Amino acid sequence: MSTTDTLYAREDAVLGGFAVRPMDPLADAELLHAWVTHPKAAFWMMQDASLPDVEREYMRIAAAEHHDAFIGLHEGRPAFLMERYDPSRLELVGLYDAEPGDVGMHFLVAPSDTPLHGFTRAVITTVMAALFADPATRRVVVEPDVGNTAVHALNEAVGFTVHGPVQKPEKRALLSFCTREQFEAATGLATGASI
């Protein structure tokens, strides 16, 4: 699949067009390096990563059977990173009772000198809608750092409910779930199509 392919697109009434495309670990490495090492990306835990470190990490994800990464676009320009993974095989193995249709998610908004009001919420809405565009996705599972209060508020805004803290090797995480129905009720968006 080419990085020019659009896997999902939606129009935000206020902020315009959002889309998701495949990530290319080599072509996108410089962009990703700038994003993941930015001070605002502290919870991404790659602050000291070199460009080759970032290339290696995203080549590993690209080759993984149960993990994918995507570049999110706003008005055609790269603006966020989205990762999708199988939480029954990665990240949360043994930390919760996985259910059929569970999909793990991470997202990172690119740093900006000209922030747009409501942008991060539009990004997480796009990410969630893209995940639920796959009819096999029944529930999205997230495990942000317990100290990341900004993302907890965003998660709640799109329908997540907190399950409770879990101890991962690298952090104490706040395990939270969002079903398709919870997302639709929180955002007013109907889901459909396919990613």
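Right above here is the structure, for reference.
These figures come from a predicted structure and were not determined experimentally. (Residues numbered from 1 in each chain as written. Predicted model: local features only at pLDDT ≥ 70, side-chain atom pairs only at ≥ 80, totals over all residues. Heavy atoms only, no water.)

Asker: Teacher, can you tell me more about the packing of helix H1 (residues 29–36) against helix H2 (residues 51–63) here?
Answerer: Describing two packed helices takes the angle between their axes plus the distance from one axis to the other. As a packed pair, H1 and H2 sit with axes 9 Å apart at the nearest point and diverge in direction by 110°. As judged from the angle between their axes, H1 and H2 are roughly perpendicular. Mapping the contact onto sequence places Ala29, Glu30, Leu32, His33 and Val36 in H1 and Leu51, Val54, Glu55 and Tyr58 in H2. (Axes fitted to C-alpha atoms, helices over the stretch in contact; angles between N-to-C directions. Helix = DSSP H or I, 4+ residues; strand = E, 2+ residues; numbered from the N terminus. Parallel < 35°, antiparallel > 145°, perpendicular 65-115°, else oblique. Contact = heavy atoms within 4.5 Å.)

Asker: In this structure, what is going on with the layout of surface pockets? I would like to understand it.
Answerer: Empty space among the atoms becomes apparent when a probe as large as a water molecule is rolled across them. As a volume, the largest pocket reaches approximately 1,200 Å³. What lines the largest pocket is a set of 46 residues, and nearest its centre among them are Lys40, Trp44, Phe107, Leu108 and Val109. For the lining of the largest pocket, the element with the most residues is strand S5 (residues 102–109), which contributes five residues. Among the residues forming the lining of the largest pocket, the class breakdown is 26 nonpolar, nine polar and 11 charged. (1 Å grid on protein atoms, 1.4 Å probe; cavity = no way out; pocket = protein on both sides within 12 Å on 5 of 7 lines; lining within 4 Å. Points joined across faces, edges and corners; volume = space filled by probe spheres on them. Nonpolar A, V, L, I, M, F, W, Y, C, P; charged D, E, K, R; others polar.)

Asker: Explain the side chain of Ser176 to me, please; I cannot follow it from the model alone.
Answerer: Checked against the element boundaries, Ser176 lands in strand S8 (residues 172–179). On the basis of relative accessibility, which here comes to 4%, the residue Ser176 falls in the buried class. Ser176 has contacts with Val140, Val141, Val142, Phe160, Thr161, Val162 and His163, leaving out every residue within four places of it along the chain. (Buried < 20%, exposed > 50% of the residue type's maximum accessible area, 1.4 Å probe, protein only.)

Asker: Help me understand the pairing of strand S1 (residues 8–12), please; the structure alone is not making it clear to me.
Answerer: When a strand is regular, its side chains alternate between the sheet's two faces. On S1, burial follows the alternation: Tyr8, Arg10 and Asp12 on one face are buried, whereas Ala9 and Glu11 on the facing-out side are not. The turn linking S1 back onto strand S2 (residues 16–22) is made up of three residues. (Pairing = 2+ DSSP bridges.)

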